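Chain by chain, the residues:
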Amino acid sequence: MADAAGRLTKLAEEVLGTPLPVRIRAWDRSESGPPGAPVLVIRHRRALRRLLFKPGELGLARGWVAGDLDIEGDLYEALDLLAGLLWERAATTKTPRAAALRALARPELRAAARELLALAGAPVPPTPPAEEVRRRRGPLHTLRRDKEAISHHYDVGNDFYALVLGPSMVYSCAYWESPDASLEDAQRDKLDLICRKLALKEGQRLLDVGCGWGSMVLHAAREYGVRAVGITLSEEQATFARKRIAEAGLADRIEIRVQDYREIKDEPFDAISSIGMAEHVGRARYAEYASALYALLRPGGRLLNHQIARRPLADEETYRVDDFIDRYVFPDGELAPVGRTVAQLEEAGFEVRDVEGIREHYALTLRQWVANLEKHWDEAARLTSPGRARVWRLYMAASALSFERNRIGVNQVLAVRTPDSGTSGVRLRERRWG
């Protein structure tokens, strides 16, 4: 099996039809590819079997999570080079990213397919890593299935998230005055911006949908004097948030519930914040989500919906969630174009007053989270598993690049349940935000 790297490089370039932009180091210690480029390390030929049995993104993801694949050098540069190659192919074909590997089925590439089979070794499908979501029960976005999906992502240990997120414990896009600001300052500024957009005042009642570890309700109660309800589907988040609230002496003003937004019966609220939660709702349920939040607000009340968006497709029916994200990161999560989100909020009865795109801010945030994870790598792997830590490192680094390259974005949409009188309560030139 001499020079496995050279044989793999030749195969990859034959299938892709372009020079490979990264260097390869194979399990036999052979190397091939452009000098000085990031190195794709194939630690075990089991990685090739993963690709053969699950061509494309899922096979690559399984190899990465299991440690069969790794990258030496600048992770962002490597991902950018590889993603650029895949995105260019996606722009010229109607097939998904797996097209490059599925191309092996073409008659002119049968010799390459035989070569890959020889390199892969025993034709036995490897067991998926333990971190992968397996069989899911029932229809999408039922109360039970949503709770299971949220648990997969968030119930991996509060100590792990503390290493990644830092003291703010805010797991959504920060708001940066400059790239040199601290993550803590940027997260505080984001929370305060939302409070100002909601025009919170002392004595008002705030609902935070998907409250995480309680940072938003804590800030709103402490700085603006509101009474707040935070809801989450994660037991671990709720336990952590209640402890923080008690330590802050705000237990009389803040309530944390393990509850779905569809189960709330004690409306009305003066304001609702939904920060990084709507991505879990799904397009089949989004109209229900928008209508439910509208019903929970008093007339004149405001909603701040902070949500990741994807680019629109020529045929929206072709949209599919990335296999890696669906199996390892956000099970059942779905992204929508911001225009569709605005339309569905309006269809529910809301008057949309402001849309602010802040995708560059999320790229900065994610790079800080990756740096935190890498700084505390050994402890993070011990608190969860090496595979779980690898999942988070890959998804956060790849997401940072996606925001930087405008493949995805994030938007804050301010909407009002404007009463029949038409009096929205929004000031002239409200963009100053106080």
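Definitions and limits used
Residues numbered from 1 in each chain as written. Predicted model: local features only at pLDDT ≥ 70, side-chain atom pairs only at ≥ 80, totals over all residues. Heavy atoms only, no water. Helix = DSSP H or I, 4+ residues; strand = E, 2+ residues; numbered from the N terminus. Buried < 20%, exposed > 50% of the residue type's maximum accessible area, 1.4 Å probe, protein only. Contact = heavy atoms within 4.5 Å. Areas by Shrake-Rupley, 256 points an atom, 1.4 Å probe, with all protein chains shown as cover. Polar contact = N/O pair within 3.5 Å; in protein donor to acceptor, adjacent residues only side chain to side chain. Pairing = 2+ DSSP bridges. Phe/Tyr/Trp six-rings, centres within 6.5 Å; stacked < 30°, edge-to-face > 60°. Lys NZ or Arg CZ within 6 Å of the ring centre and 35° of its normal. Axes fitted to C-alpha atoms, helices over the stretch in contact; angles between N-to-C directions. pLDDT = per-residue confidence, 0-100. Right-handed = clockwise from strand over helix to strand, strands pointing away. Core = buried A, V, L, I, M, F, W, Y, C linked by side-chain atoms within 4.5 Å. Expected span 1.5 Å × (residues − 1).

1. Some words on the overall build of the protein
Part 1 of the reasoning: Along the protein, the regular secondary structure elements total 17 helices and eleven strands.
Part 2 of the reasoning: Each of the 434 residues in the protein was classed as buried or not, and the buried ones make up 54%.
Part 3 of the reasoning: Considering only intrachain contacts with a sequence separation of at least 6, the fraction spanning at least 24 residues in the protein is 73%.
Part 4 of the reasoning: Looking at the protein as shown, the accessible area adds up to about 19700 Å², and 52% of this sits on carbon and sulfur atoms.

2. Digging into the environment of glycine 282
Part 1 of the reasoning: Positionally, glycine 282 belongs in the loop between β8 (269-275) and α12 (286-296).
Part 2 of the reasoning: Residue glycine 282 is classed as buried on the basis of its relative accessible area of 4%.
Part 3 of the reasoning: Along the backbone, glycine 282 and glutamate 334 are 52 residues apart, and their C-alpha atoms lie at a distance of 5.3 Å.

3. Topic: the side chain of arginine 50
Part 1 of the reasoning: Tracing the backbone shows arginine 50 in helix α2 (residues 46-53).
Part 2 of the reasoning: Side-chain polar atoms of arginine 50 contact the side chain of aspartate 68, separated by 2.8 Å.
Part 3 of the reasoning: Apart from the residues within four sequence positions on either side, arginine 50 is in contact with Gly59, Arg62, Gly63, Ala66, Asp68, Pro126, Thr127, Pro128 and Pro129.

4. Comments concerning the sheet that holds strand β3 (residues 39-42)
Part 1 of the reasoning: If you trace the four strands from one edge of the open sheet to the other, you get β2-β1-β3-β4, paired in mixed fashion. Across the chains shown, the open sheet's two edge strands, defined by having one partner strand only, are β2 (31-32) and β4 (69-72).
Part 2 of the reasoning: With two bridges joining them, strand β1 (residues 23-25) and β2 adopt antiparallel strand pairing. Its bridge partner being in β2, isoleucine 24 is matched across the sheet by serine 32.

5. A word on the packing of aromatic side chains
By convention here, two paired aromatic rings are described through the distance between centres and the angle between planes.
Part 1 of the reasoning: If you walk through the whole model with that rule in mind, you get 15 aromatic pairs.
Part 2 of the reasoning: Here phenylalanine 160 and tryptophan 392 contribute two aromatic rings whose centre-to-centre distance is 5.9 Å and whose plane-to-plane angle is 85°, an arrangement assigned as edge-to-face. Here tryptophan 392 lies in helix α17 (residues 386-404) and phenylalanine 160 lies in helix α8 (residues 158-165), a separation of 232 residues in the sequence. Tryptophan 392 carries the same exposure label as phenylalanine 160, and that label is buried.
Part 3 of the reasoning: Here a set of aromatic residues connected by ring pairs shows up, and it is made of Phe160, Tyr161, Tyr171, Trp213, Phe330, Tyr362, Trp369, Trp392, Tyr395 and Phe403.
Part 4 of the reasoning: Here arginine 310 stacks its cationic end above the ring of tyrosine 319, 3.8 Å away from the centre of that ring.
Part 5 of the reasoning: Geometry around tyrosine 294 places arginine 417 over its ring, the cationic atom sitting 4.5 Å from the centre.

6. Examining the sheet that holds strand β5 (residues 205-209)
Part 1 of the reasoning: Across the sheet, seven strands lie side by side as β7-β6-β5-β8-β9-β11-β10; this open sheet has mixed pairing. The open sheet has two edge strands, β7 (254-258) and β10 (351-357), and neither has a second partner. Shown here is a sheet whose adjacent strand axes are inclined to one another by a mean of 15°, direction ignored.
Part 2 of the reasoning: Relative to β8, β5 runs parallel, the two sharing four bridges. Each residue of the ladder has a partner; that of leucine 207, found in β8, is isoleucine 272.

7. So, the confidence of the model for the protein
Part 1 of the reasoning: For the protein, the average pLDDT comes to 89, and 88% of its residues sit at 70 or higher.
Part 2 of the reasoning: Contacts for the low-pLDDT stretch residues 88-100, under 50 throughout, to residues beyond four places or in other chains number twelve contacts.

8. Some remarks on the pairing of strand β9 (residues 297-310)
Part 1 of the reasoning: Burial of β9 is extensive: twelve of the 14 residues sit out of reach of the surface.
Part 2 of the reasoning: Across six bridges, β8 lies against β9 in parallel orientation. Paired with serine 274 across the bridge in β9 is asparagine 305.
Part 3 of the reasoning: In this fold, β8 hands off to α12, which returns the chain to β9; that crossover is right-handed.
Part 4 of the reasoning: In this sheet, strand β11 (residues 408-416) lies alongside β9 in antiparallel orientation, the contact comprising nine bridges.

9. What about helix α3 (residues 57-66)?
Part 1 of the reasoning: Of all ten residues making up α3, seven are buried, and the element is well covered by its neighbours.
Part 2 of the reasoning: All of the buried residues in α3 are Leu58, Gly59, Ala61, Arg62, Gly63, Trp64 and Val65.

10. Focus on the environment of serine 424
Part 1 of the reasoning: Mapped onto the secondary structure, serine 424 falls in the segment after β11.
Part 2 of the reasoning: The spacing of serine 424 and arginine 302 is 122 residues in sequence and 9.1 Å in space, taken between C-alpha atoms.
Part 3 of the reasoning: Discounting residues that sit within four places of it in the chain, serine 424 has contacts with Gly300, Glu351, Arg353, Val416 and Thr418.
Part 4 of the reasoning: Side-chain polar atoms of serine 424 contact the side chain of arginine 353, separated by 3.0 Å.
Part 5 of the reasoning: A distance of 3.1 Å separates a polar side-chain atom of serine 424 from the backbone nitrogen of valine 426.

11. Let's talk about the nonpolar core
Grouped burial of nonpolar side chains is what soluble globular proteins tend to show.
Part 1 of the reasoning: Counting residues in hydrophobic clusters, the biggest one holds 47 residues, and the most contacted among them are Tyr161, Phe324, Trp369, Trp392 and Met396.
Part 2 of the reasoning: Every element with two or more residues in this core is listed here: α3, α4 (75-92), α8, α9 (183-197), α13 (323-329), α15 (359-375), α17 and β11.
Part 3 of the reasoning: In terms of residues, this core owes the most to one element, α17, which gives nine residues.
Part 4 of the reasoning: For methionine 396, the residues in contact, after removing those within four places along its chain, are Val164, Leu366, Trp369, Val370 and Leu373.
Part 5 of the reasoning: The next biggest cluster of nonpolar side chains, apart from the first, holds 27 residues, and it includes Tyr286, Ala290, Val352 and Ala415.

12. Examining α17
Part 1 of the reasoning: Here α17 spans 27 Å end to end across 19 residues, near enough to the 27 Å set by a 1.5 Å rise per residue.
Part 2 of the reasoning: Where α17 terminates, the next one or two residues include asparagine 406, which has phi positive at roughly 65°.

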